[in-house]
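# A structural walkthrough
These are the residues of each chain, in order.
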Amino acid sequence: MPASASSRSRRTRLISGLSALAALGLTAGFLVATGNEASAATACKVDYSVNQWSTGFTGTVTVTNLGDAIANGWTVGWDFTGNQQVQQGWSATVTQSGQHVTATGPDWAKSLATGATATFGFNASYSGTNAAPAAFTLNGTTCTGSAPPTTTTTTTTTTTTTTTGNPPPPGSHVDNPYAGAKGYVNPDWSSEVTTAAATTGGALGSQMSKVANTSTGVWLDRIAAIAGTDTQRGLRAHLDAALAQATGGTPVVAQFVIYDLPNRDCAALASNGELQVSQDGLSKYKSQYIDPIAAIMADPKYASLRIVAIIEPDSLPNLITNTSMAKCAEAQSSGAYVQGVQYALNKLHAISNVYNYLDIAHSAWLGWDSNLQPAVNLITSTIKGTTAGVNSVDGFISDTANYTPVAEPYLTDPNLTIGGQPLRSATIYQWNPYFDESHYDTAMYNAFVAAGLPSSIGMLIDTSRDGWGGSARPTGASGSTVDAYADSGRIDRRLARGNWCNQSGAGLGQRPTVSPSPHFDAYVWIKPPGESDGSSTSIPNNEGKGFDQMCDPTYHGSQQANGGNLTGALPNAPLSGHWFQDQFAQLVANAYPPVQ
Ligand code: BGC
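The numbers attached to residues start from 1 for each chain and follow its sequence in the written order. Given that the model is predicted, a residue must reach a pLDDT of at least 70 before its local features are reported, and side-chain atom pairs must reach 80 or more before they are shown or counted; all residues, however, enter totals for whole chains, interfaces and linings. Each side-chain value is derived from all of the structure's non-hydrogen atoms; neither hydrogens nor water enter the calculation.

## So, the overall build of the protein
Helices and strands together make up the secondary structure of the protein, namely 15 helices and 20 strands. The buried share of the protein, reckoned over its 596 residues, is 56%. Here a residue-residue contact requires only that any non-hydrogen atoms of the pair lie within 4.5 Å. Within the protein, residue pairs in contact and separated by at least 24 positions form 78% of the contacts whose partners lie at least 6 positions apart. Using a 1.4 Å probe, the Shrake-Rupley method yields the accessible areas, and only the shown protein chains count as cover for residues. In the structure as shown, the protein presents an accessible area of about 21,800 Å², 53% of it carried by carbon and sulfur atoms. Secondary structure counts use DSSP, requiring at least four H or I residues in a row for a helix and at least two E residues in a row for a strand, with both numbered from the N terminus. Here the term buried applies to any residue with accessible area under 20% of the maximum for its type, exposed to any over 50%, and partly exposed to those in between, with areas from a 1.4 Å probe on protein chains only.

Written out as structure tokens, the structure is:
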């Protein structure tokens, strides 16, 4: 899990990133269409479902084109019979006049091939009853649910309503999978924590035991992790355990990290994986990794679970900043990262109780102006190239396995002038305008919505190790130079923000939290605290893990990687993913908020 390279190299690397994207021929459309709408026979089917509460509801509409291909745009229409009032739509422009509603597909998805579907949604208010519309039209023709010339009188309308105030029916795809759900506690991680607490004892041991019941991510970090290993249960066993943790009608949300792309961790060594682009890695990724995962997750037995898939940390971000490195260049030129991510999104989005969150690195990696929009462009085009287009993701996650804080409470204005200079010019920030994840994610959210993603997308932050508490935590900022001011006030006490491995001084961050602020679905713990980022010396292994000097506490990084500072990594660290007791002890001791 590397962080980044210097801002200067970021700019030069960007150019190759964009040209390769063009070379891949990625386009925004998600449906291939032929035919001419003006002379076409139109026939269609509409599925309409709602999740409602006492004063409002979210509607989801899927239109299937059963007639000739549509090339030049589609509009779905219906009439409400009550006082429903549309407030906001996504994946279509949804407008209402009186009781009549029209939903027009976005410009980048005007085509609807024969047999193809388009899904869009909207939020609306209502009072009294909320009857489903009796009929729908597609480009003015009433949808009968069958293809011409056969006609039937039945409109295919499926209405799923929930009793006011009750949770949505199990298995339905909700806007925020964390809302109203209980997080799955990985028994394997939990028992590591309980053992650590017992061996530590005292006040620290008792603090450790208090976090043992926290929901953390399960990393499917190799093909063998799907079936399970000697020490870690496999995917089915996790899902069975998640089912067993359900109580009453509260759904369980279980989080899995999809992490096995060919040429994985292409800019670093500590989390290199088992698949290589040059050894048919993309086909193996699809058939031996994603397909088996999707087959298990699609088992109807697990339909009541909400399964969150964290898609490929660091992959697309490495294509923005690190294509000067051979493995990243290959991941880009071969199309392996983009196509692998698209394949994962397609397979997993097809399962209605799976929720895709795509990784967007963190503010200290993609926050620079020269990186942020190119990253949004690459990620958006990747998503739009999937079968379901913009609907294939539920949102994004930042700070996965990193240490950048949610907020810098004493450094809130990057343009604050100190000694005649803007704060963001401080050495630690290198002109990056984003000092923390909440500002970065908000900027990312806005950029994604502007690029055509639905406004219903939600952000996640991995807060597992970004707490920065303990006695060294500052209580304010002061000083007459930007460096003095920034260094006195920042809670992120890394020697450089490019330091990413087993950071000394870090603490547990905010505990998993649902809907912490608008457009944020949750704060989550994806990197299980106590699991190493990488070994501090070379350790032979059969996991494909390398030794990255950024995990060696005696190593000074390069100017590019971390300004030539020491790495700030803790000594005596085991391989990435292995239990690192000393780090866990420090994370608990430096937790912010403290563990009480
Ligand atoms: C490692 C994985 C591990 C994960 C969670 C990653 O850095 O490469 O093997 O499962 O961290 O600890």
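That was the structure; now back to the text.
## Looking at the pairing of strand S19 (residues 513–517)
Strands are treated as partners if at least two bridges between them are detected by DSSP. Alignment of S19 against strand S20 (residues 520–524), held across 3 bridges, turns out to be antiparallel. Opposite Ser 517, over in S20, you have Phe 520 as the bridge partner. Between S19 and S20, which pair antiparallel and follow one another directly, the connecting turn spans 2 residues, one of which, His 519, has a positive phi of 75°.

## Brief notes about the site of the ligand
Whether a residue is near a molecule or strand depends on its heavy atoms: if one lies within 4 Å, it is near. Close to the ligand lie 12 residues, the nearest being Asp 221, Ser 271, Lys 527, Glu 531 and Lys 545. Residues adjacent in sequence count toward polar contacts only when both atoms are side-chain atoms; beyond that, a polar contact is any pair of N or O atoms within 3.5 Å, and within protein one must be able to donate a hydrogen and the other to accept it. Between the ligand and Ser 271 there is a distance of 2.7 Å, counted from an oxygen atom to a side-chain nitrogen or oxygen. One of the side-chain nitrogen or oxygen atoms of Ser 576 is found 3.3 Å away from an oxygen atom of the ligand. When isolated, the ligand has an accessible area of 310 Å², and the protein chains bury 97% of it. Side-chain classes follow a simple rule in which Ala, Val, Leu, Ile, Met, Phe, Trp, Tyr, Cys and Pro form the nonpolar group, Asp, Glu, Lys and Arg form the charged group, and the remainder, Gly included, forms the polar group. For the shell around the ligand, the class distribution of residues is 4 nonpolar, 3 polar and 5 charged.

## Quick look at the state of the cysteines
Criterion for a disulfide: a pair of cysteine sulfur atoms within 2.5 Å. Counted according to the given criterion, the structure contains 3 disulfides. For Cys 266, the disulfide goes to Cys 328, at an S-S distance of 2.0 Å. An S-S torsion of about 100° defines the bridge between Cys 266 and Cys 328 as right-handed. Of this pair, Cys 266 sits in the loop between strand S12 (252–258) and helix H6 (281–297) while Cys 328 is found in helix H8 (residues 326–333), placing the two residues 62 residues apart along the sequence. Taken as a pair, Cys 266 and Cys 328 share a single burial class, namely buried. Two residues, Cys 501 and Cys 551, share a disulfide whose sulfurs are 2.1 Å apart. The disulfide joining Cys 501 to Cys 551 has a torsion of about 95° about its S-S bond and is therefore right-handed.

## Brief notes about H6
Multiplying 1.5 Å by the helix residue count minus one yields the expected span of that helix. Its 17 residues give H6 an end-to-end C-alpha distance of 22 Å, which sits within 8% of 24 Å, the value for a rise of 1.5 Å per residue. Of all the bends in H6, the greatest reaches close to 35° and is centred on Ile 290; the proline Pro 292 follows between one and four positions later. For H6, the set of buried residues is Gly 281, Leu 282, Tyr 285, Tyr 289, Ile 290, Ile 293, Ala 294, Ile 296 and Met 297. A residue's bend is the angle separating two fitted axes: one through the seven residues that end there, the other through the seven that start there.

## Re the confidence of the model for the protein
Every residue gets a pLDDT, meaning the predictor's confidence in that residue, from 0 to 100. Counting all residues, the mean pLDDT for the protein is 87, and 86% of those residues have values of 70 or more. Here residues 2–40 is a poorly scored stretch, pLDDT under 50, and it has 93 contacts once near neighbours within four places are set aside; other chains count.

## Side note on the packing of H6 against helix H9 (residues 336–349)
Contact geometry for H6 and H9: axes closest at 10 Å, N-to-C directions at 20°. Judged by the inter-axis angle, H6 sits roughly parallel to H9. Viewed along their axes, H6 and H9 form a crossing whose handedness is right-handed. Contacts between H6 and H9 involve Leu 282, Tyr 285, Lys 286, Ile 290, Asp 291, Ile 293, Ala 294 and Met 297 on the former and, on the latter, Ala 336, Gln 339, Gly 340, Tyr 343, Ala 344, Lys 347 and Leu 348. Considered class by class, the residues forming the contact of H6 with H9 number 10 nonpolar, 2 polar and 3 charged. Lines fitted to the C-alpha atoms define the axes, with helices restricted to the stretch that makes contact. Angles between their N-to-C directions range from 0 to 180 degrees. In what follows, roughly perpendicular refers to angles from 65 to 115 degrees, roughly parallel to angles under 35, roughly antiparallel to angles over 145, and oblique to any angle outside these ranges. Crossings are assigned a handedness: left-handed for a near helix turned anticlockwise from the far helix by less than a right angle, right-handed for a clockwise turn.

## Examining the sheet that holds strand S8 (residues 136–138)
Pairing is antiparallel across the open sheet formed by 5 strands, whose spatial order is S5-S6-S3-S8-S9. Here the strands that pair on one side only, and so sit at the sheet edges, are strand S5 (93–97) and strand S9 (141–142). By the bridge criterion, 5 bridges tie strand S3 (residues 75–79) to strand S6 (residues 100–104) in an arrangement that is antiparallel. Looking across to S6, one finds that Val 76 is bridged to Ala 103.

## Re the pattern of salt bridges
A carboxyl oxygen of Asp or Glu within 4 Å of a side-chain nitrogen of Lys or Arg is what we treat as a salt bridge. For the structure on display, the rule yields 13 salt bridges. Across the pair Arg 222 and Glu 543 runs a salt bridge, and its minimum N-O distance is 3.9 Å. One end of the pair, Arg 222, is in the loop between strand S11 (218–220) and helix H4 (223–227); the other, Glu 543, is in the loop between S20 and helix H14 (559–562), and 321 residues separate them in sequence. What you see here is one network of salt bridges that share partners, running through Asp 221, Arg 222, Glu 543 and Lys 545.

## Structural notes on the layout of surface pockets
Residues are called lining when one of their atoms sits within 4 Å of a cavity or pocket point, these points coming from a 1 Å grid over the protein atoms alone, where a cavity is a set in which a 1.4 Å probe fits but cannot get out and a pocket is an open set with protein on both sides within 12 Å along at least five of seven lines. Grid points are joined across faces, edges and corners, and a volume is the space filled by probe spheres set on the points. In this structure, the second largest pocket encloses a volume near 650 Å³. What lines the second largest pocket is a set of 31 residues, among which Asp 221, Arg 222, Gln 232, Glu 531 and Gly 577 lie closest to the centre. Sorting the residues of the lining of the second largest pocket by element identifies helix H2 (187–200) and S11 as the ones contributing at least two each. Within the lining of the second largest pocket, the residues separate by chemical class into 9 nonpolar, 11 polar and 11 charged.

## Things to note about the side chain of Arg 465
With respect to the helices, strands and loops of the structure, Arg 465 is situated in the loop between strand S18 (458–462) and helix H13 (482–489). Exposure remark for Arg 465: the relative accessible area of 0% places this residue in the buried category. Polar side-chain contacts of Arg 465 include one of 3.1 Å to the side chain of Tyr 403.

## A few points about the packing of aromatic side chains
In this analysis, rings of Phe, Tyr and Trp, with Trp reduced to its six-membered ring, are considered paired at centre separations within 6.5 Å, and the interplanar angle assigns stacked below 30 degrees, edge-to-face beyond 60, and tilted for intermediate values. For the structure shown, the criterion picks out 11 aromatic pairs. On the basis of an interplanar angle of 40° and a centroid distance of 5.6 Å, the ring pair of Tyr 48 and Phe 136 is categorised as tilted. With a gap of 88 residues between them, Tyr 48 in strand S1 (residues 44–52) and Phe 136 in strand S8 connect regions that are remote in the sequence. The same class applies to Tyr 48 as to Phe 136, namely buried. Put simply, the rings of Tyr 48, Trp 78, Phe 80 and Phe 136 pair up and form one aromatic cluster. Put simply, a charge is over a ring when the Lys NZ or the Arg CZ is close to the ring centre, within 6 Å, and near the line of the ring normal, within 35 degrees. Lying over the aromatic face of Tyr 259, Arg 264 brings its terminal NZ or CZ to 4.1 Å of the ring centre. Taking NZ or CZ as reference, Lys 527 lies 5.9 Å from the ring centre of Trp 219, over its face.

## Observations regarding the pairing of S12
Extensive coverage of S12 is indicated by the burial of 7 of its 7 residues. The two faces of S12 match: Val 252, Ala 254, Phe 256 and Ile 258 on one face and Val 253, Gln 255 and Val 257 on the other face are all buried. In terms of strand pairing, S11 meets S12 through 3 bridges, oriented parallel. Note on S12: the bridge partner recorded for Trp 219 is Val 257.

## Quick word on the nonpolar core
The biggest cluster of nonpolar side chains holds 71 residues, and the ones touching the most others in it are Ile 258, Leu 348, Leu 358, Phe 396 and Met 444. Element by element, the count of residues in this core is highest for H6, at 8 residues. Ignoring any residue separated from it by four or fewer positions in sequence, one finds Leu 348 in contact with Ile 258, Ile 293, Ala 294, Met 297, Ala 309, Ile 311, Val 354 and Asn 356. Counting 23 residues, the second largest nonpolar core, distinct from the first, contains Tyr 48, Val 61, Trp 78 and Ala 103. Working definition of a nonpolar core: buried Ala, Val, Leu, Ile, Met, Phe, Trp, Tyr and Cys residues. They are joined through side-chain atoms within 4.5 Å.

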